[in-house]
Amino acid sequence: MHPDTLKRAAARAALDELVEGAVVGVGSGSTVDCFVDELAARLPRARGVVCASERTAARARAGGLAVLDLNEVLAAGEAIPVYVDGADEIDGCRRMIKGGGAALTREKILAAACARFVCIVDRSKCVERLGAFPLPVEVVPMARELVIGRLRALGGAPQLRAGVITDNGNEILDVRGLDLQDPAHLETVIESWPGVVTAGLFAVRPADVVLTAAPDGVERQPVTGARG
Ligand code: 5RP
């Protein structure tokens, strides 16, 4: 089955997780593009979306969705019950590596601002252990070499993602070779360094729900539980 078909199936299943009339948090990437399209087609009068990237915001606008500002939504006292996003890798504890699309910082902000994180993936993203995908780390450009040195001291092999500047004006280091046995600890350590904006580990706050699309259907983990 074509990967795009699976992405669309996961995206469609996420519509069942939404709370009617509420603002929806949306991440970034090709799977999220499918979700935005589904949302625009099925719920054209949805209250609106808060987006993790300029790419997602442009797609949402093109689909007729209202793109809202996170600060304005929160200042108005409005809750955002659901955040929908993809992942580069996800393990059995719903911990993720994210940032393949360089949107990790805004993704982590939205994951923190929304009540429930619904992760949509095709089965190729599911792993026993995180770490085959290089870990993205967003850094302030001035701190690049400082952070590279510290990542090397941890056993990592960081590489600057050439030609990429994030929506926040920063750079991305893609890091291979780190020991990811305790992802939440590593996330906390790397994010404590001056100049690091975000580590692409989502382990301190894992996903609440994972919708995994495979050729035989979409599986929900946990199987039961709150749907908004
Ligand atoms: C972007 C991300 C994406 O969620 C991740 O890269 C998955 O993307 P795709 O759905 O295109 O495979 O973290 O920063």
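Please read these numbers as outputs of a predicted model, since none were measured by experiment. (Residues numbered from 1 in each chain as written. Predicted model: local features only at pLDDT ≥ 70, side-chain atom pairs only at ≥ 80, totals over all residues. Heavy atoms only, no water.)

### Describing the side chain of Thr212
With respect to the helices, strands and loops of the structure, Thr212 is situated in strand E12 (residues 209–214). Look at Thr212 and you get buried, because its relative accessible area is 11%. Setting aside its immediate chain neighbours within four residues, Thr212 contacts Val121, Asp122, Arg123, Cys126, Gly217, Val218 and Glu219. (Helix = DSSP H or I, 4+ residues; strand = E, 2+ residues; numbered from the N terminus. Buried < 20%, exposed > 50% of the residue type's maximum accessible area, 1.4 Å probe, protein only. Contact = heavy atoms within 4.5 Å.)

### Focus on the packing of aromatic side chains
All told, the structure shown has one aromatic pair when counted by the stated rule. Plain terms: the ring middles of Tyr83 and Phe117 are 5.0 Å apart, the flat faces sit at 80° to each other, and that makes the pair edge-to-face. In this pair, Tyr83 is assigned in strand E3 (residues 82–85) and Phe117 in strand E6 (residues 116–122), connecting sequence segments 34 residues apart. Accessibility classification places Tyr83 together with Phe117 in one group, the buried group. Across from the ring centre of Phe202, 5.6 Å away, lies the NZ or CZ of Lys98, which sits over that ring. (Phe/Tyr/Trp six-rings, centres within 6.5 Å; stacked < 30°, edge-to-face > 60°. Lys NZ or Arg CZ within 6 Å of the ring centre and 35° of its normal.)

### Describing the packing of helix H1 (residues 3–14) against helix H2 (residues 30–42)
H2 packs onto H1 with a crossing angle of 50° between their chain directions and a minimal axis gap of 8 Å. Comparing their axes, H2 and H1 come out oblique. Of the two elements, H1 crosses H2, and the hand of that crossing is right-handed. Between H1, through Lys7, Arg8, Ala11, Arg12 and Ala14, and H2, the contact on the second element is made entirely by Ser30, Thr31, Cys34, Phe35, Asp37, Glu38 and Arg42. Its residues assigned to classes, the contact of H1 with H2 shows four nonpolar, two polar and six charged. (Axes fitted to C-alpha atoms, helices over the stretch in contact; angles between N-to-C directions. Parallel < 35°, antiparallel > 145°, perpendicular 65-115°, else oblique. Left-handed = near helix turned anticlockwise from the far one by under 90°. Nonpolar A, V, L, I, M, F, W, Y, C, P; charged D, E, K, R; others polar.)

### Points about unusual backbone geometry
A cis amide bond links Gln221 to the next residue, Pro222, at an omega of -5°. Within the secondary structure, Pro222 sits in the segment after strand E13 (217–221). The phi torsion at Arg94 lies on the positive side, around 65°, for a residue other than glycine. Its location among the elements puts Arg94 in the loop between strand E4 (89–90) and strand E5 (96–97). Positive phi is not limited to glycine here, since Ala102 has a value of about 70°. The topology assignment puts Ala102 in the loop between E5 and helix H5 (104–113). Since its relative accessible area comes to 12%, Ala102 is described here as buried.

### Description of the nonpolar core
Residues Leu18, Phe35, Val49, Leu65, Val84 and Ile120 are the most contacted members of the largest nonpolar core, which totals 28 residues. Listed by contribution, the elements that provide at least two residues to this core are H1, strand E1 (24–26), H2, strand E2 (49–51), helix H3 (54–62), E3, E6 and E12. It is H2 that contributes the most residues to this core, six residues altogether. Those residues in contact with Val84 that sit more than four places away from it in its chain are Ala14, Leu18, Gly25, Val26, Gly27, Val32, Phe35, Val118 and Ile120. (Core = buried A, V, L, I, M, F, W, Y, C linked by side-chain atoms within 4.5 Å.)

### What to know about the site of the ligand
Surveying the vicinity of the ligand reveals 16 residues, the closest of which are Ser30, Thr31, Asp88, Gly99 and Lys125. Taking Ala103, its main chain carries an N or O atom lying 3.2 Å from an oxygen atom of the ligand. Between the ligand and the protein, one listed contact pairs an oxygen atom with a side-chain N or O atom of Glu107 at 3.1 Å. Its free accessible area being 370 Å², the ligand has 91% of it covered by the protein chains. Residues of the shell around the ligand, tallied by class, amount to three nonpolar, eight polar and five charged. (Near = heavy atom within 4 Å. Polar contact = N/O pair within 3.5 Å; in protein donor to acceptor, adjacent residues only side chain to side chain. Areas by Shrake-Rupley, 256 points an atom, 1.4 Å probe, with all protein chains shown as cover.)

### Re the sheet that holds strand E9 (residues 171–176)
Across the sheet, which stays open at both edges, the four strands sit in the order E8-E9-E7-E10 with antiparallel pairing between neighbours. In this open sheet, the two strands that pair with only one neighbour each are strand E8 (157–160) and strand E10 (196–199). Geometrically, the sheet is characterised by an average inter-axis angle of 30° between neighbouring strands, direction not taken into account. As paired strands, E8 and E9 are joined by four bridges and run antiparallel to one another. In the strand pairing of E9, Pro158 is matched with Val175. Lying on the sheet, helix H6 (residues 144–153) is in contact with strand E7 (135–139), E8, E9 and E10; it crosses E9 at an angle near 15°. Together, E7 and E10 form the strand contacts of helix H7 (residues 183–191), whose direction differs from that of E10 by roughly 165°. (Pairing = 2+ DSSP bridges.)

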